[in-house]
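# Structure at a glance
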Amino acid sequence: MTALFHLIAQLLHRVRKLLLSAGVLLAAFQVVLILQANSIQSSNSFSKMGDLIPPFLRDILGSSFAMFLSFKGIVCLGYFHPVVMGALFSVSVTLATIPVMEIETGFIDLVLARSLARHWIVTRSLLVALISTVYLLAMMAVGTWLGLNKFAAKDAGWPSFEVVGSLAINLGLLMLSWAAIAMAIGCACRRRGSAGAIAGLLALTAYLTDYIARAWKPAESIAWLSPFRYYTPFDLVMGAPLPAKNLYVLGGIAVAGFALAYVLYMRRDISH
Amino acid sequence: MPSGPSAISINGLTKRYGKITAVNRLDLEVPPGEIFGFLGLNGAGKTTTIRILLDLLRPTSGHAAVFGHDCQSDSLQARSAVGYLPGEMGIYSDLTGRELLVFLERIGGKPVSGKHRNNLIERFELSDRDLSRKLREYSTGMKRKLGLIQAFQADPLLLILDEPTEGLDPLMQEAFYQLLADVRKRGRTVFMSSHVLPEVERVCDRIAMLRKGEIVLLSSVEDARKLSSRRVRVTFGEDVDPPPNLPPGYELIDAQPRAWTLRVTGQLGGLPSFLVAFPVADLAVEEAGLEDVLVRYYREVAE
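Remember, predicted model here, so these are calculated numbers, not experimental data.

## A closer look at the packing of aromatic side chains
The full count for this structure, using the stated rule, is 14 aromatic pairs over all chains. Between Phe236 of chain B and Trp260 of chain B, the aromatic rings sit 4.7 Å apart at their centres with planes inclined by 70°, giving edge-to-face as the arrangement. Taken together, the residues Phe236 of chain B in strand β11 (residues 229–236) and Trp260 of chain B in strand β13 (residues 259–265) connect sequence positions 24 residues apart. Accessibility expressed as a relative area gives 0% for Trp260 of chain B, which makes it buried. The side chain of Arg14 of chain A reaches across the aromatic face of Phe107 of chain A, ending 5.2 Å from its centre.

Put into structure tokens, the structure is as follows:
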């Protein structure tokens, strides 16, 4: 256990700049969105924005269309904006593919030449992925809290703590599931670049599948395969409770992905 | 003979990558206290064997054990006795030299004596300032020195060193040889691969030569040297013609009117009687070298 602690500390030290900068940028992004929402609210422009949205987009968004035309909707957008999702995904994949990078660079040779079981390497990466996800979501929540308290009027229609919490939990599980998928891919690959590219392509395909299925009915038959299907920010912002099914599916993907990563890493040759 | 299990015991070890056989039915015993040289050209299977000993690679068949502990099924015990220097040291460049040594000590689970580590640091002439620098600022030689310090710092029973002196300057090579002499005195075992044959001749008790994953020569350094041919340079006081026939084991490899270079395989006892008929002015015998026997061995096996 002492070795695990030192492995975690070393990895966190290694990725500290990435995590610090990502955390600050994500928090700042929340603040910027709140400033934007505040500006729109002050100029009573939410109704004008509604007129600008084309009908087909209204059809896609359905009843959640109204959500975008509110202060709360714009604030919550920070939890499912493509830029935020992309940033979180990139951090998750970067962390999840560290085991394969260590094999590629030969650093792991020095580590595993010691009396240290291989599974600690995967456990360490899993825990660092978990810590990082919680930290980044916490930074986003801090950004939201700071932005609301510093820049928003009290009667602007703030999102409730439950809504922000539900979004953060759902988003966190989604990112953990992608971290697990990327780690399993990494444990089967010889190169970090290959693992990152495969995970990126897979995520893009899954994201587009989910997105297309919202507008094009035939795509719904395969949309259930996309992890993004189990992140339902529009419903959450509209006040729906966090569906247990989403949590089970995303949690299941994460558990299966990490388990596969363990098996693959334990069985593979460590050669660069 | 030392009692107890061999420091390294390899039986029928085979490693295949698809159709390529990297190591083929390797058998080897290295007793405790020996300095063993593992030789071979690039791709001969040296590093593959070393990586199997460390459980970094899994063998296709066969077994390897360190002090009686199977390198796969009991790998934690096996590795607890090992200090390892990789051929190419992959490092995390944002750490300082000292941080790397401390990190590797902490995950090794075996306390390192500060006195012992400082002694190693002194031997390899790394200053406090050097150890406080980030590894990205280290030269190749400094990285090698740090690699040696981390391998030796826990004072392991078995040292597995892959090309240990590559990148070291002659002074540091000398420091390394002295360190080997010290660990030998304390009964430690060293298993080292090397391309530097004079180094192997100097420090190793026994050698194994690997070719295409198979051991083609396993002997003491002394015995290997006996297999070699020696060069004899003979200078004459006047012009002479090359003889039509040479005694068995003799080969004339260069014939000038007043100088010959002979390659003599085996004992030199017959040399005076062979040369008695010639006006010999000077005679020089080059010491038998391991390099010569290994090159010859490789050539013969290849043919």
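## Focus on the pattern of salt bridges
Opposite charge on two side chains permits them to pair, given that their charged atoms come into close proximity. This model, assessed by the stated rule, comprises 24 salt bridges over all chains. Of the charged contacts in the structure, one is a salt bridge between Asp182 of chain B and Arg123 of chain B, with a shortest N-O distance of 2.1 Å. Residue Asp182 of chain B is located in helix α7 (residues 170–185), and its partner Arg123 of chain B is located in helix α4 (residues 114–123); the two are separated by 59 residues in the primary sequence. A salt bridge links Arg188 of chain B to Asp155 of chain B; the nearest nitrogen and oxygen atoms lie 2.9 Å apart. Residue Arg188 of chain B is located in the loop between α7 and β8 (189–193), and its partner Asp155 of chain B is located in the loop between α6 (140–152) and β7 (158–162); the two are separated by 33 residues in the primary sequence. Ionic contacts of the salt-bridge type, sharing partners, join the residues Asp210, Arg214, Lys217, Glu220 and Arg229 of chain A into one network.

## Some details on the confidence of the model for chain B
Residues and elements named next belong to chain B. Counting all residues, the mean pLDDT for chain B is 90, and 93% of those residues have values of 70 or more. By mean pLDDT, the top-scoring element of chain B is strand β5 (residues 69–70) (97), and the lowest-scoring one is helix α11 (residues 290–302) (67). Reported confidence for the predicted complex is 0.85 by ipTM and 0.85 by pTM.

## Section: the pairing of β11 of chain B
All names here are of chain B. Bridge count for β11 against β13 is seven bridges, and the pairing is antiparallel. Bridge pairing in β13 places Thr235 opposite Ala259. Bridge analysis of β11 against strand β14 (residues 280–285) gives five bridges, and the strand direction is antiparallel. Bridge pairing links Val234 to Leu283 in β14.

## Regarding the interface of chain B and chain A
Taken together, the contacts link 28 residues of chain B with 28 residues of chain A. With both chains or domains summed, chain B and chain A bury close to 2,600 Å², and 55% of this area falls on carbon and sulfur atoms. Summed over the three residues of chain B that lose the most area to chain A, namely Leu56, Tyr92 and Ile107 of chain B, the buried surface amounts to 24% of that side. Inspection of the region where chain B meets chain A yields three salt bridges. Between Lys15 of chain B and Asp269 of chain A there is a salt bridge; the shortest N-O distance is 2.6 Å. At the junction of chain B with chain A, the criterion picks out 14 residue pairs in polar contact (both at pLDDT 80 or more). Where the side of chain B that touches chain A is concerned, the elements lending two or more residues are β1 (8–17), α2 (75–80), β6 (82–85) and α3 (97–108) of chain B. In terms of residue count, the dominant contributor to the side of chain B that touches chain A is α3 of chain B (six residues).

## Quick look at the sheet that holds strand β12 (residues 250–256) of chain B
All names here are of chain B. One open sheet holds the four strands; their spatial order is β12-β13-β11-β14, and the pairing between them is antiparallel. At either margin of the open sheet sits one strand with a lone partner, and together these are β12 and β14. For this sheet, the mean inter-axis angle between neighbouring strands, taken without regard to orientation, is 20°. Note: β12 against β13, six bridges, orientation antiparallel. Note that in β13 the partner of Ala255 across the bridge is Trp260.

## What about the packing of helix α7 (residues 82–96) of chain A against helix α10 (residues 119–151) of chain A?
All names here are of chain A. At a minimum axis separation of 10 Å, α7 and α10 run at an interaxial angle of 155°. It follows from the interaxial angle that α7 and α10 lie roughly antiparallel. The two elements α7 and α10 meet at a crossing, and its hand is right-handed. Residue-level contacts link Val84, Leu88, Val91 and Leu95 of α7 to Val128, Ala129, Ser132, Leu136 and Met140 of α10. Residue composition of the contact of α7 with α10, by class: eight nonpolar, one polar and no charged.

## Quick look at a nonpolar patch on the surface
Residue and element names in this part refer to chain A. Where nonpolar side chains cluster on the molecular surface, the patch consists of Leu204, Leu208, Ile212 and Trp216 and spans about 410 Å² of accessible area. Of note, Trp216 is situated in the loop between α12 (192–215) and α13 (220–223). You can call Trp216 exposed: its relative accessible area is 53%.

## Remarks on helix α15 (residues 244–267) of chain A
All names here are of chain A. For α15, built from 24 residues, the straight-helix expectation of 34 Å at 1.5 Å per residue is met to within 8% by its first-to-last C-alpha distance of 34 Å. By the burial criterion, the buried members of α15 are Asn246, Leu250, Gly251, Ala254, Gly257, Phe258, Ala261 and Tyr265. Check the buried side of α15 and you find it contacts α8 (98–105), α9 (107–112), α10 and α11 (161–188).

Cut-off values and rules
Residues numbered from 1 in each chain as written. Chains lettered and ligands numbered in written order. Predicted model: local features only at pLDDT ≥ 70, side-chain atom pairs only at ≥ 80, totals over all residues. Heavy atoms only, no water. Phe/Tyr/Trp six-rings, centres within 6.5 Å; stacked < 30°, edge-to-face > 60°. Helix = DSSP H or I, 4+ residues; strand = E, 2+ residues; numbered from the N terminus. Buried < 20%, exposed > 50% of the residue type's maximum accessible area, 1.4 Å probe, protein only. Lys NZ or Arg CZ within 6 Å of the ring centre and 35° of its normal. Salt bridge = Lys/Arg side-chain N within 4 Å of Asp/Glu carboxyl O. pLDDT = per-residue confidence, 0-100. Pairing = 2+ DSSP bridges. Contact = heavy atoms within 4.5 Å. Buried area = accessible area lost by both parts, 1.4 Å probe. Polar contact = N/O pair within 3.5 Å; in protein donor to acceptor, adjacent residues only side chain to side chain. Axes fitted to C-alpha atoms, helices over the stretch in contact; angles between N-to-C directions. Parallel < 35°, antiparallel > 145°, perpendicular 65-115°, else oblique. Left-handed = near helix turned anticlockwise from the far one by under 90°. Nonpolar A, V, L, I, M, F, W, Y, C, P; charged D, E, K, R; others polar. Patch = residues over 30% accessible without salt bridge, like charges linked within 9 Å, V, L, I, M, F, W, Y side chains within 5 Å. Areas by Shrake-Rupley, 256 points an atom, 1.4 Å probe, with all protein chains shown as cover. Expected span 1.5 Å × (residues − 1).

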